[in-house]
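Observations on chain architecture
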Amino acid sequence: GESSVSRRSNESIEHAPVRLTHPQKVLDDSSAITKQMLADYYWAVAEWMLPHIADRPVSLVRCPEGAGKPCFFQKHVNSMLPKGIGSVDIADKNGKVEPYITLNSAEALAGLAQMGVLEVHPWGSRNEHLEQPDRLVFDLDPDEELKWIEVAEAASEVRVRLKKLGLESFVKTTGGKGLHIVAPVKADHAWPEVKEFSRQFVVAMEKADPQRYLTKMTKAARKGKIYLDYLRNERGATSVAPYSPRAREGVAVSMPLSWAELKKMNERPLFQVANFSEWRERLKKDPWKDMETVNQKLNL
Ligand code: ATP
Ligand code: MN
Ligand code: MN
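Summarised in this report is the structure supplied together with it. (Residues numbered from 1 in each chain as written. Chains lettered and ligands numbered in written order. Predicted model: local features only at pLDDT ≥ 70, side-chain atom pairs only at ≥ 80, totals over all residues.)

Now for the sheet that holds strand 3 (residues 58-62). Pairing is antiparallel across the open sheet formed by three strands, whose spatial order is 4-3-7. In the strand order of this sheet, the two ends are held by strand 4 (72-74) and strand 7 (117-122), each with one partner. Recorded for the sheet is a direction-independent mean angle of 25 degrees between the axes of neighbouring strands. Pairing of strand 3 with strand 4 involves three bridges; the strand directions are antiparallel. Along strand 4, the bridge assignment pairs Val61 with Phe73. (Pairing = 2+ DSSP bridges. Helix = DSSP H or I, 4+ residues; strand = E, 2+ residues; numbered from the N terminus. Axes fitted to C-alpha atoms, helices over the stretch in contact; angles between N-to-C directions.)

So this is what it looks like as C-alpha cells:
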C-alpha cells in the first residue's frame, strides 16, 4: 500500500548526526513532519544550501510549537545555540556592535532543527565584506488573484532586463506565493549604490507596464498587480535561502528552478519537506550550480 511505498523511499534518507530532544515532535499538523525529519532534511540538502548561506549573517525563524503557530526571528547569537553556530560582529547605524548568527557546516545546519528553526534567511553580503553585497535579489510579490503564469512571465522579464545589463540571473520559488530572481555580482559596490540601482531597475519595469507592476509598498494598490520588492537589496535585509523550508502550513521549501522548467510550469509547484523523497533526484542537476562560477559585475 501507500505507506510501504513512502516508508521505502524514506529509508534512503540518512539520519542527521545531531542530538534531538523529542525527535518525534510534529512540527506541522498538515504534513506531519517531525523534528527528526526536519534535521534529516537539513542534513541532506546541506551541500546544496550551504554555498548560499555559509559565511553570511543569517536570520532564523524559530517556531517552538511548529508551523502555523507563533514564530519569531532570531538574528543575534545567545548561549542557547547548538554546536557549530558562529557569530559575526556587526555595527548598527549608531555604531553599536552586536554578534549576529552565522554558520558554515552541515552539522550546524541540521542542529537548527533542535531549535525549531523552520526558515533560514541570509544577508546578500558575506561576512568578509559585509558592506558590499554579492547578490542582487528581486522579490516578486503578486496579488493573490494573479495566476502563476503571470508571475513566471514577470520573472522572465526581470531575467531579460538583467541580461541586457550584462547580468545572468537565477530563479527560485519562495515556498510562498511569489518568486525570487537572484543575480550574483562581484562585491565591489556598497549597499546604498546597489539599492539605488535596484530601485531604478524596478521603476523602469513599472513605467513600461504600470498595469502589471507596482513598486510602492502600499498593499491596497496591489490589486491585480505584482509588487516588485527591491528592498531585499539594502543593508541588513535578508531573503529566504534556497532549499529553506517555510514556517507555513504544509512546510513548502524555497526551490531553485531552471529558467527552462519555469517556462513549462503551468502552476505553482509544490516542493515540501514532507515530499522530499519525491524531488530529491533534482539535486543531481542543481539549476543554481553555475551561480558560484558566473563572473559578473554591476556596471554603475
Ligand atoms: P512570498 O513569495 O510569499 O512573498 P517571501 O519570502 O518573498 O515569500 P516576503 O514577505 O516578500 O516573503 O519577504 C521577502 C523576504 O524579506 C523574506 O524572504 C525575508 O527574508 C524578509 N522578511 C520578510 N518579513 C520579514 C520580517 N518580519 N523580519 C525580517 N525579515 C523579513
Ligand atoms: Mn516575496
Ligand atoms: Mn517582499
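Attention now moves to the site of ligand 1. The full set close to ligand 1 counts 14 residues, and His121, Thr174, Gly176, Gly178 and Val240 are the nearest of them. Taken together, the residues that form the shell around ligand 1 break down as two nonpolar, seven polar and five charged. (Near = placed C-beta within 6 Å. Nonpolar A, V, L, I, M, F, W, Y, C, P; charged D, E, K, R; others polar.)

To continue, consider the sheet that holds strand 10 (residues 179-184). With respect to topology, six strands assemble into an open sheet ordered 11-12-8-10-9-13, the strand pairing being mixed. Each edge of the open sheet carries a strand with a single partner, namely strand 11 (213-214) and strand 13 (256-257).

Attention shifts here to the pairing of strand 10. Burial of strand 10 is extensive: six of the six residues sit out of reach of the surface. The side-chain alternation of strand 10 yields two buried faces, one formed by Leu179, Ile181 and Ala183 and the other by His180, Val182 and Pro184. With six bridges joining them, strand 8 (residues 135-142) and strand 10 adopt antiparallel strand pairing. From the neighbouring strand, Asp139 faces strand 10, where its bridge partner is His180. In the sheet, strand 9 (residues 170-173) pairs with strand 10 via four bridges, with the strands oriented antiparallel. Paired with Val171 across the strands is Ile181, a residue of strand 10. Here strand 9 hands over to strand 10 after five residues, with Gly175 in that stretch at a positive phi of 85 degrees. (Buried ≥ 20, exposed ≤ 12 C-beta atoms within 10 Å, placed from the backbone.)

Okay, unusual backbone geometry next. Peptide bonds are mostly trans, and most non-glycine residues show a negative phi. Notably, Ala32 is not glycine yet its phi reads approximately 60 degrees, a positive angle. With respect to the secondary-structure elements, Ala32 resides in the loop between strand 1 (26-28) and strand 2 (33-34). Note on Ala32: 11 C-beta atoms within 10 Å, which makes it exposed. Residues other than glycine seldom take positive phi values, yet Asp55 does so here, at roughly 60 degrees. You can see Asp55 is positioned in the loop between helix 2 (35-53) and strand 3.

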